[in-house]
Amino acid sequence: MIKTKLCELLNIEHPIIQGGMAWIADSSLAAAVSNAGGLGIIAAGNAPGEIVREEIRKAKRLTDRPFGVNIMLLSPYAEEVAKIVCEEKVAVVTTGAGNPGKYIEMWKENNIKVIPVVPSVALAKRMERSGVDAVIAEGHESGGHIGELTTMALVPQVVDAVSIPVVAAGGIADGRGLLAALSLGAVGVQMGTRFLVAKECNVHQNYKQRVLSAKDIDTVITGLSTGHPVRSLRNRFTRELLNIEKQGLDAEVFEQRAAGSLKRAAIDGDIDFGSVMAGQVSGLVRKEQTCSEIIEEIVKEASDLYKALGGMVR
Ligand code: TUI
């Protein structure tokens, strides 16, 4: 057993949050993670509010434990989803890809626990001043939309800069990662890639297999030149995007080419011409397991390792 402030804050058994993966993290995955004692998250992504409401209601039928909704702030529907989580009395909101400042008061008035993803110390401090409950410090190793700093460098700097709990994300997929995160001063971890291959995850089987067979060096970053860097597994689609960037074509051509690409891979299973977003830990993720097996294995690995280290350090 590993008990931290995060377990108390969110009323969960294990200090593990599932990452909010657009087009991937639905009510089935979120409820499975919550039923396994972690915090499951439904990703709103670019979905209209009513679709998200339906997923929230499905999750409530699948679990009586707390779960959360991730709001992707670049979405045209972010504002309506921000209101719907209040109407549906969701326990936790996480945010990504922007500053959620203008919604925080409304969420806190509705007793929602608010945990934004931050890529920097500056945003972590701003979020603390706005009254959030915790922050997720997400490193460059993550899949999807990424910041510049690595988890190893970012997490302890955020821990030193704020007094609220800090969750570590990016490059974490097993018990070693969980224990390392706790050593950096985090109160828990958020993991996306490991849960992407969970049995209860409805992402297309081609996507799962691509992650399961990935090597350490298979991820690549596109979009650095447009200001929206995204990490995904190298394929014909990323080669084409990088070519557009190399030719110095304008951001509009790039965005047009990228639009709909995550859905193409995650729903349609087109892993050649779609965007297979995944973290650098893809090479570490080797088997499809239930969410319960994943969480139990990680917690056991971290606590066994902690005991073994206790014998080594004098
Ligand atoms: O949000 C993510 N990961 C994502 S979102 C996503 S959907 C998407 N698809 C294509 C292009 C863009 C998004 C896929 N993966 N992770 C959390 C995260 N948030 N990473 C970095 C940030 C972040 C960046 C800047 C958070 C706040 C921020 O603030 C800037 C500001 O306005 O101060």
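Preceding this paragraph is the structure being described.
Since we're looking at a predicted model, the values are computed, not measured.

Colleague: Sorry if this is basic, but what is going on with the side chain of Thr4 here?
Modeller: Along the chain, Thr4 turns up in the segment before α1 (5–10). The exposure class assigned to Thr4 is buried, which follows from its relative accessible area of 14%. In terms of polar contacts, Thr4 uses its side chain to reach the backbone carbonyl oxygen of Val187, at 2.6 Å. Residues in contact with Thr4, not counting those within four places in the same chain, are Pro15, Leu182 and Val187.

Colleague: How do you make sense of the site of the ligand when you look at a structure like this?
Modeller: By nearness alone, 15 residues border the ligand, and Ala97, Gly98, Val117, Glu138 and His145 come closest of all. At a separation of 3.2 Å, a nitrogen atom of the ligand approaches a polar side-chain atom of Glu138. Measuring from a nitrogen atom of the ligand, one finds a backbone N or O atom of His145 at 2.9 Å. Relative to its unbound accessible surface of 720 Å², the ligand loses 73% to contact with the protein. Only α6 (121–129) and β7 (144–145) provide two or more residues apiece to the shell around the ligand. For the shell around the ligand, the class distribution of residues is eight nonpolar, five polar and two charged.

Colleague: How do you make sense of the packing of helix α2 (residues 27–35) against helix α3 (residues 49–62) when you look at a structure like this?
Modeller: The relative placement of two packed helices comes down to the angle between their axes together with the axis-to-axis distance. Put simply, α2 and α3 touch, their axes get as near as 9 Å, and they point 35° apart. α2 and α3 meet at a crossing whose hand is right-handed. Together, Ser27, Ser28, Ala31 and Asn35 of α2 and Glu55, Lys58, Ala59 and Leu62 of α3 make up the contact between the two elements. Tallied by class, residues from the contact of α2 with α3 come to three nonpolar, three polar and two charged.

Colleague: Help me out: how do you make sense of the pattern of salt bridges in this one?
Modeller: For side chains of opposite charge, pairing can occur when their charged atoms come near one another. Counted by the stated rule, this structure contains 16 salt bridges. Among the ionic pairs, Arg65 bridges to Glu13, the shortest N-O distance being 3.3 Å. Note that Arg65 is positioned in the loop between α3 and β3 (67–72) and Glu13 in the loop between α1 and β1 (16–18), a separation of 52 residues in sequence. The class for Arg65 is partly exposed, based on a relative accessible area of 35%.

Colleague: Help me out: how do you make sense of the sheet that holds strand β6 (residues 135–138) in this one?
Modeller: Sheet strands pair via backbone hydrogen bonds, and the direction of the pair is either parallel or antiparallel. If you walk across this open sheet you meet the eight strands as β1-β9-β8-β6-β5-β4-β3-β2, and the pairing is parallel. The open sheet has two free edges, formed respectively by β1 and β2 (40–43), since each of these has just one partner strand. If you compare each strand with its neighbour and ignore which way they point, the axes differ by 25° on average. Examined bridge by bridge, β1 and strand β9 (residues 188–191) share three bridges and lie parallel to one another. Within the sheet, the bridge partner assigned to Ile17 lies in β9 and is Gln190.

Colleague: Would you take a moment to explain the packing of helix α4 (residues 78–87) against helix α5 (residues 101–109) for this structure?
Modeller: At a closest axis distance of 10 Å, the pairing of α4 and α5 adopts a crossing angle of 15°. Considered as vectors, α4 and α5 are oriented roughly parallel to each other. Handedness of the crossing formed by α4 with α5: right-handed. Here Ala78, Glu79, Ala82, Lys83, Val85 and Cys86 of α4 lie close against α5, whose contacting residues are Lys102, Tyr103, Met106 and Trp107. Of the residues assigned to the contact of α4 with α5, the class counts are seven nonpolar, no polar and three charged.

The rules behind these values
- Along each chain, the written sequence defines residue order, and numbers are assigned to residues from 1.
- The predicted origin of the model limits local features to residues at a pLDDT of at least 70 and limits the giving and counting of side-chain atom pairs to 80 or more, whereas totals for whole chains, interfaces and linings rest on all residues.
- Based on all heavy atoms of the structure, the side-chain values leave hydrogens and waters out of the count.
- Helix and strand definitions follow DSSP, with helices as H or I runs of at least four residues and strands as E runs of at least two, each counted in order from the N terminus.
- Under the scheme applied here, a residue whose accessible area is under 20% of the maximum for its type counts as buried, over 50% as exposed, and between as partly exposed, the area being computed with a 1.4 Å probe on protein chains only.
- Think of a polar contact as two N or O atoms within 3.5 Å of one another; within protein, one of them needs to be a possible hydrogen donor and the other a possible acceptor, and neighboring residues in sequence only count if both atoms come from side chains.
- Should any heavy atoms of two residues lie within 4.5 Å, those residues are counted as being in contact.
- Definition of nearness: a residue and a molecule or strand are near each other if at least one heavy atom of the residue lies within 4 Å of the molecule or strand.
- Note on areas: these come from Shrake-Rupley sampling with a 1.4 Å probe, and a residue is covered only by the protein chains present in the view.
- Charged residues are taken to be Asp, Glu, Lys and Arg, nonpolar residues to be Ala, Val, Leu, Ile, Met, Phe, Trp, Tyr, Cys and Pro, and polar residues to be all remaining types, Gly included.
- Throughout, an axis means a line fitted to C-alpha atoms (over the contacting stretch in the case of helices), and angles, computed between N-to-C directions, take values from 0 to 180 degrees.
- Put simply, a crossing is left-handed when the front helix is turned counterclockwise from the back one by less than a right angle, and right-handed when it is turned clockwise.
- Salt bridge, as used here: a side-chain nitrogen of Lys or Arg that lies within 4 Å of a carboxyl oxygen of Asp or Glu.
- For two strands to be treated as a pair, DSSP must find no fewer than two bridges joining them.
- An angle below 35 degrees is treated as roughly parallel, one above 145 as roughly antiparallel, one from 65 to 115 as roughly perpendicular, and anything else as oblique.

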